[in-house]
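Each chain is listed here by its residues.
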There are 2 protein chains.
Amino acid sequence: MTTLLDVAKKANVSKMTVSRVINHPDKVTDELKQLVYEAMRELDYHPNVIAKALANNSTRIIKLCILEDIDTTEPYYMNLMIGIAKTLDLHQYSLQLVTRRNFDIGNCDGYIITGMRISDVDWIKDLKKPVVLFGENRYGFDFIDTNNKAGTYLLSQLALKKGYEKLIYVGIDSKESFEYSREAGYLQQVQEKRMVPELHRFGNHSHLSEDFIRQNWNKIPKNTAFICASDRLALGVERAIVRCGGKVPDEFGVTGFDGVFLNQVASPKITTIKQSIIQMGSACGETLLDKIQSGESQGSLVFEPKLSLGGTLRD
Amino acid sequence: MTTLLDVAKKANVSKMTVSRVINHPDKVTDELKQLVYEAMRELDYHPNVIAKALANNSTRIIKLCILEDIDTTEPYYMNLMIGIAKTLDLHQYSLQLVTRRNFDIGNCDGYIITGMRISDVDWIKDLKKPVVLFGENRYGFDFIDTNNKAGTYLLSQLALKKGYEKLIYVGIDSKESFEYSREAGYLQQVQEKRMVPELHRFGNHSHLSEDFIRQNWNKIPKNTAFICASDRLALGVERAIVRCGGKVPDEFGVTGFDGVFLNQVASPKITTIKQSIIQMGSACGETLLDKIQSGESQGSLVFEPKLSLGGTLRD
DNA sequence: GATTAAATTGTTACCGATAACATCAAACAA
DNA sequence: TTGTTTGATGTTATCGGTAACAATTTAATC
């Protein structure tokens, strides 16, 4: 392995000059820079990441904090991890998975946090290393997320275009930011069309939305579309409609949100918003690394939603 | 962060003694060892992995070499990577994914190789860092794999127990070791029962086995079970039987091997061997790290096959 | 009891980089 | 011309460990 010193000798300069060419090229004459670049190329020099890390006393470790319970049947977190790991590995960082319990064991260079609740805001603000959240928030933390509002807005719009005359929103009973945004998307579309909004909220389980629909079946007019905050809720709604003798998509429309796993096995597939968790995970990693390197906030990254057309809205 | 020096001071010894307590405890008196342990505990000392890596000039990088084409629809490699990464991250190693092309870019501490062919043996032997293969081989490399022979042996045995009177092996047309082993498992069972073996080999595509069965349908007696070398081939066989008017599992039995993804969507599910790729990936990582640390070969690890009962053998 | 071998502990240099400071030459002002 | 500022480069110490060697103590041998 060739080192800084080898390059320095070959270029007839000091180690420090070579180091500067790499890290602060503006502080070196063009003439020397050329010499150094040439030496590096000839010797096929690659900086030793480990030595660099020691000198900067950094750890090359990123902590991924998953603050909610992990549903192992959902490939959601797997995909997230794969996306993050892909980026981190590329830059020779390693990923450490932590939960609420083992959170502060060991040092690191930065955090990726997902599943934050309001009560977490304080300690996250106190963290001394750069942080990127996975999932939108309204506390000023940089984050990566799908444009939730645009998602439900688009789905609502599509449902209206397909001729459904009433839109009912079936949401998640939670105070998290993404839910507010999804509701906002629905509301905006409904208001633009001068319609009357109707919202219901449940825990994120298909049987809850299913029960609700069955119990209120007689109050639901035909030609209604249900804009659901998750595929899970959508699945419950669809099931209830079918069991009550309704026809999807002819008499009733249903849309979901997520498209991670359920969408692959459901039949008919739900018309939903597809999120590339892997890609978003990669973005998390990149944003965080940029933040670490520059020391500055990198802002948030919002992925525009992609419609995934299933069979639960008219064609 | 507390360092070796802090501990050394607290325990009134030299840095070196502390280092020895950690790495070569047998070379230090019990008395001093106690002092050092206490100091470490009181100061909550955790060794700095980066500094250690620099001193040992190691890279903390493991290369995962996938030598065959990656079928991205199969979660096989994803699972493998997840398993490996899980272990490596635990020990603060990072994983670098390489293929035939970018193989020798950059240094590393060890290799995990999968998809090796005979022509690869030479260069793998020449590698200067520890190697673990994923997938059995007969060239003396340490490996992790399912007990392939036991797998087909068990499936063949089960098929006979269920009353099928003839066993036909549908294999993969490849010279890789795992295929020989799967054939051997079938052959052993057949020979033990004094039956006449019948083997056919194809590329690993469902339509190849399907075509074969359909073309030879009139030569296949009822009450035959097909022992297939992969779920893919099994799927083709099952499809052919159904299209030719045969009944699975009443008239014909089918077994597969792998149970990774296809098994989740197929209907009926194939009776097959289930492999936990994630777990095996973890084992790969652990074996390799042990090998790196000890400098000695760790031998191979063979996972005993687990039957996954589907609907393609009689109950 | 003197000599030598073995076991234990401490010193020094080094892994490969970087920051902080020191040096030096050229450019500029008085 | 001389002193001062500026910019470019080199020196040294440091990050937190470890190996190789030196020094010291203890045990073993004759």
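Hey, could you run me through the sheet that holds strand β3 (residues 110-114) of chain A in this one?
To summarise the sheet geometry, strands pair through backbone hydrogen bonds and adopt either a parallel or an antiparallel arrangement. Residues and elements named next belong to chain A. Spatial ordering of the open sheet is given by β2-β1-β3-β4-β5-β11, a layout of six strands whose pairing is parallel. Each end of this open sheet is capped by a strand with a single partner; those strands are β2 (94-98) and β11 (301-303). Each strand of the sheet is rotated relative to its neighbour by a mean of 20 degrees, with strand direction disregarded. Two strands pair when backbone bridges link them, and strand β4 (residues 131-134) and strand β5 (residues 143-146) are joined in this way by two bridges, in the parallel orientation. Bridging from a neighbouring strand, L133 pairs with F143 of β5. Where helix α5 (residues 76-90) meets the sheet, it contacts β1 (61-66), β2, β3 and β4, and its direction lies at approximately 150 degrees from that of β2.

Which parts of the structure should I look at to understand unusual backbone geometry?
Peptide bonds are mostly trans, and most non-glycine residues show a negative phi. With an omega of 5 degrees, the peptide bond running from V248 of chain A to P249 of chain A counts as cis. Of note, R194 of chain A is a non-glycine position whose phi angle comes to about 55 degrees, a positive value. Here R194 of chain A is to be found in the loop between α8 (177-192) and β7 (199-202). A positive phi is found at R60 of chain B, a non-glycine position, where the angle reads about 65 degrees. Tracing the chain through its elements places R60 of chain B in the loop between α4 (49-55) and β1 (61-66).

Quick question: what am I supposed to make of empty space enclosed by the protein here?
Unfilled space is identified by rolling a water-sized probe across the atoms. Taken as a whole, this structure holds two cavities of 30 Å³ or more when the rule is applied. Considering only enclosed or pocket space, the largest cavity measures out at about 160 Å³ in volume. The wall of the largest cavity is formed by 17 residues, among which I50, R60 and Q92 of chain A together with R60 and Q92 of chain B lie closest to the centre. Sorting the residues of the lining of the largest cavity by element identifies α4 (49-55) of chain A together with α4 of chain B as the ones contributing at least two each. Looking at the lining of the largest cavity element by element, the count peaks at three residues for α4 of chain A. Its residues placed into classes, the lining of the largest cavity shows nine nonpolar, six polar and two charged. Approximately 50 Å³ is the volume found for the second largest cavity. Together, A85, L88, D89, Y93, S94 and L95 of chain A together with A85, D89, Y93, S94 and L95 of chain B line the second largest cavity. Taken together, the elements giving at least two residues each to the lining of the second largest cavity come down to α5 and β2 of chain A together with α5 (76-90) and β2 (94-98) of chain B.

Whenever I open this one, the domain arrangement of chain A confuses me. Can you help?
One frequent convention defines the size of an interface as the accessible area lost when the parts assemble. Domains assigned within chain A are domain 1 (4-47), domain 2 (61-146 + 277-302) and domain 3 (148-275). Here domain 1 of chain A and domain 3 of chain A have C-alpha centroids that lie 61 Å from each other.

What is the right way to read the interface of chain B and chain A from this model?
In this complex, chain B contributes 19 residues to the contact, which on the side of chain A involves 19 residues. Here chain B and chain A share an interface that buries about 1700 Å² over both sides, 70% of which is from carbon and sulfur atoms. Run the count over chain B and chain A and you get zero salt bridges. Our count for the chain B to chain A interface comes out at zero residue pairs in polar contact (both at pLDDT 80 or more).

Looking at this structure, I do not really get helix α9 (residues 206-215) of chain B. What am I missing?
Owing to its 3.6 residues per turn, the α-helix aligns residues three or four sequence positions apart on the same side. Residues and elements named next belong to chain B. Taken as a whole, α9 has its buried residues at S206, S209, E210, F212 and I213. Down the axis of α9, the sector holding all buried residues measures 165 degrees, keeping them to one side. In this structure, the buried residues of α9 make contact with β6 (166-172), β7 (199-202), β8 (224-228) and α10 (231-243).

Would you take a moment to explain the protein's contact with DNA strand D for this structure?
Lining the immediate environment of DNA strand D, one finds 25 residues, of which T17 and T29 of chain A together with L4, S19 and N23 of chain B sit closest. Take the atoms of DNA strand D that sit within 4 Å of the protein: sugar and phosphate atoms are 59% of them. Take L4 of chain B: an N or O atom from its main chain is 2.8 Å from a phosphate oxygen of DNA strand D. Between DNA strand D and the protein, one listed contact pairs a phosphate oxygen with a side-chain N or O atom of N23 of chain B at 2.5 Å. Partitioned by chemical class, the residues of the surface near DNA strand D number 13 nonpolar, nine polar and three charged.

Hey, could you run me through the pattern of salt bridges in this one?
Pairs may arise between side chains of opposite charge once their charged atoms sit close together. All names here are of chain B. Applying the stated criterion across every chain yields a total of 22 salt bridges over all chains. A salt bridge links K33 to D30; the shortest N-O distance between them is 3.4 Å. Placement of the pair is K33 and D30 together in helix α3 (residues 30-43), with a separation of three residues, close to one helical turn. Looking at K33, the relative accessible area reads 13%, which means it is buried. With relative accessibility at 54%, the residue D30 sits in the exposed group. Between R100 and D120 there is a salt bridge, and its shortest N-O distance comes to 2.6 Å. Placement of the pair is R100 in the loop between β2 and β3 (110-114) and D120 in the loop between β3 and α6 (121-126), with a sequence separation of 20 residues. In this structure R100 comes out as partly exposed when scored by relative accessible area, which is 37%. Using a relative accessible area of 3% as the deciding quantity, one classes D120 as buried.

What exactly am I supposed to notice about the relation of the copies chain B and chain A here?
Overlay of chain B on chain A (RMSD 0.1 Å): rotation 180 degrees, translation along the axis 0.1 Å. Read as a symmetry element, the transformation amounts to a two-fold axis. Across chain B, the smallest distance between a C-alpha and the rotation axis is recorded for S94 of chain B, namely 2.6 Å. A share of 100% of interface residues in chain B that are also interface residues in chain A marks the association as one of identical surfaces.

Looking at this model, I keep getting lost on the environment of F212 of chain B. Mind explaining?
All names here are of chain B. Position of F212 among the secondary structure elements: in helix α9. Remark: the alpha-carbon pair of F212 and T29, spanning 183 residues in sequence, is separated by 73 Å. Other than its neighbours up to four places away in sequence, F212 contacts H200 and F202.

Rules used throughout
Residues numbered from 1 in each chain as written. Chains lettered and ligands numbered in written order. Predicted model: local features only at pLDDT ≥ 70, side-chain atom pairs only at ≥ 80, totals over all residues. Heavy atoms only, no water. Pairing = 2+ DSSP bridges. Helix = DSSP H or I, 4+ residues; strand = E, 2+ residues; numbered from the N terminus. Axes fitted to C-alpha atoms, helices over the stretch in contact; angles between N-to-C directions. Contact = heavy atoms within 4.5 Å. 1 Å grid on protein atoms, 1.4 Å probe; cavity = no way out; pocket = protein on both sides within 12 Å on 5 of 7 lines; lining within 4 Å. Points joined across faces, edges and corners; volume = space filled by probe spheres on them. Nonpolar A, V, L, I, M, F, W, Y, C, P; charged D, E, K, R; others polar. Domains from an automatic or database assignment. Buried area = accessible area lost by both parts, 1.4 Å probe. Salt bridge = Lys/Arg side-chain N within 4 Å of Asp/Glu carboxyl O. Polar contact = N/O pair within 3.5 Å; in protein donor to acceptor, adjacent residues only side chain to side chain. Buried < 20%, exposed > 50% of the residue type's maximum accessible area, 1.4 Å probe, protein only. Arc of directions from axis to C-beta. Near = heavy atom within 4 Å. Least-squares fit on C-alpha atoms with pLDDT ≥ 70 in both.

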